[in-house]
Amino acid sequence: MVTKFVSLVAVVVFSFSAFAQKAREIAPETKAKMESISKLKGKEVNDQIIKDLLNAEYKGKAQEKLQNGLDSIFGKEEILAKVEFAGRLKTLLDSSDVSTKNSGRHMRGLLERFSDMSDASVQDVVKRLLKNSDISMSEVASTYEAQLAATNLLTYKLFVKNDKSIDANTIELVGIANVMKSELPNIKGEGKSNVITSLKDLTAEQRKAVEAKRDEWKNKCNS
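Each chain has its residues counted from 1, following the order in which its sequence is written. Note on the predicted model: pLDDT of at least 70 is required for a residue's local features to be given, and 80 or more for side-chain atom pairs to be given and counted; whole-chain, interface and lining totals, by contrast, use all residues. Side-chain measures were taken over the full set of non-hydrogen atoms in the model, leaving aside hydrogen atoms and water.

1. Examining the packing of helix H8 (residues 120-131) against helix H11 (residues 168-179)
Note on geometry: axes are C-alpha line fits, over the in-contact stretch for helices, and angles between N-to-C directions span 0 to 180 degrees. By the criteria applied, helices consist of DSSP H or I runs no shorter than four residues and strands consist of E runs no shorter than two, each listed in order from the N terminus. Look at H8 against H11: their axes get within 8 Å of each other, and the N-to-C directions meet at 25 degrees. Between H8 and H11, the interaxial angle falls into the category roughly parallel. On the side of H8, the interface is formed by Ser121, Val122, Val125 and Arg128, while H11 contributes Ala168, Ile171 and Glu172. Just so you know the grouping, Ala, Val, Leu, Ile, Met, Phe, Trp, Tyr, Cys and Pro go in nonpolar, Asp, Glu, Lys and Arg go in charged, and all remaining residues, Gly too, go in polar. Among the residues forming the contact of H8 with H11, the class breakdown is four nonpolar, one polar and two charged. Roughly parallel means an angle under 35 degrees; roughly antiparallel, over 145; roughly perpendicular, 65 to 115; everything else is oblique. Whether two residues are in contact is decided by their heavy atoms: any pair within 4.5 Å suffices.

See below:
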């Protein structure tokens with residue numbers, strides 16, 4: 001099963017390599033903004049990232065949450081890392097491709113909610129997903145939207161709706177299950193985009209394959 005999935009990933013990477021490359025191409029005007037922001041210091045950095053790169057017209061509490069999210073994930077002094085992340089995110093948000101744009105919106109939503117996540121284990125999962133968006137885009141391309149959408153929805157259910165049945169391991173495995181959707185044909189999703197939000201219908205073999213892919217993903221990530 002795992003071998004079959006690895007082969008599938010190779011096909012997906014080849015099939016969507018053009019998509020992945022396009023998703024990572026940062027426009028010259030965005031690069032110019034990134035370079036300008038990288039020369040700033042202190043709070044000015046986050047202010048300009050939100051204004052020029054996150055496409056967010058936020059003020060007050062919402063802006064504060066985005067600020068806290070950036071600092072929590074990258075650290076206050078990791079200016080270049082924050083700017084690079086935000087530049088990639090802006091590339092997604094500016095895309096004319098609906099799936100790519102939605103990926104950016106989910107990323108921004110998770111960034112905004114990050115400071116409300118009271119579970120450090122869940123924060124680790126979300127941090128890994130956001131910080132390694134370049135890996136996701138190059139490896140799984142069009143399925144990244146479903147992975148992000150599931151993570152966004154489950155963190156909303158856990159921290160806003162207070163659904164205690166959800167934990168960090170479930171969130172990460174569900175995210176990976178969405179990457180493997182073609183390998184899980186009988187698993188029903190939720191909503192118009194048919195996003196998998198539960199592991200209850202997985203067979204023991206399917207769950208084992210999802211867990212193996214999760215472990216592979218974690219080994220490749222920088223967080």
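Let's pick the thread back up.
2. A look at the environment of Ile196
If you trace the backbone, Ile196 turns up in the loop between H11 and helix H12 (204-220). On a C-alpha basis, the gap between Ile196 and Lys181 in space is 8.1 Å, while along the polypeptide they are 15 residues apart. With sequence-adjacent residues up to four places away left out, Ile196 is seen in contact with Ala150, Val174, Ala177, Asn178, Lys181, Leu184, Ile187 and Gly189.

3. Digging into the nonpolar core
Ranked by size, the top nonpolar core spans 54 residues in total, and within it Ile49, Leu54, Phe85, Met107, Leu130 and Val210 carry the most contacts. Of all the elements, helix H6 (residues 79-93) adds the most residues to this core, at seven residues. Among all residues touching Phe85, those that are not within four sequence positions of it are Leu70, Phe74, Met107, Leu111 and Leu130. Nonpolar cores are built from buried Ala, Val, Leu, Ile, Met, Phe, Trp, Tyr and Cys residues. Side-chain atoms within 4.5 Å join them into one set. Exposure categories follow from relative accessible area, calculated using a 1.4 Å probe and restricted to protein chains: below 20% of the type maximum is buried, above 50% is exposed, and the middle band is partly exposed.

4. Considering the environment of Ser121
Mapped onto the elements of the fold, Ser121 is located in helix H8. With 46 residues separating them in the primary sequence, Ser121 and Asp167 have C-alpha atoms 8.3 Å apart.

5. A closer look at the side chain of Thr30
Secondary-structure assignment places Thr30 in helix H3 (residues 28-37). A residue is classified by how much of its surface remains accessible, and Thr30, at 3% relative accessible area, is buried. Beyond its immediate chain neighbours, meaning those up to four positions away, Thr30 contacts Leu53, Gly87, Lys90 and Asp94.

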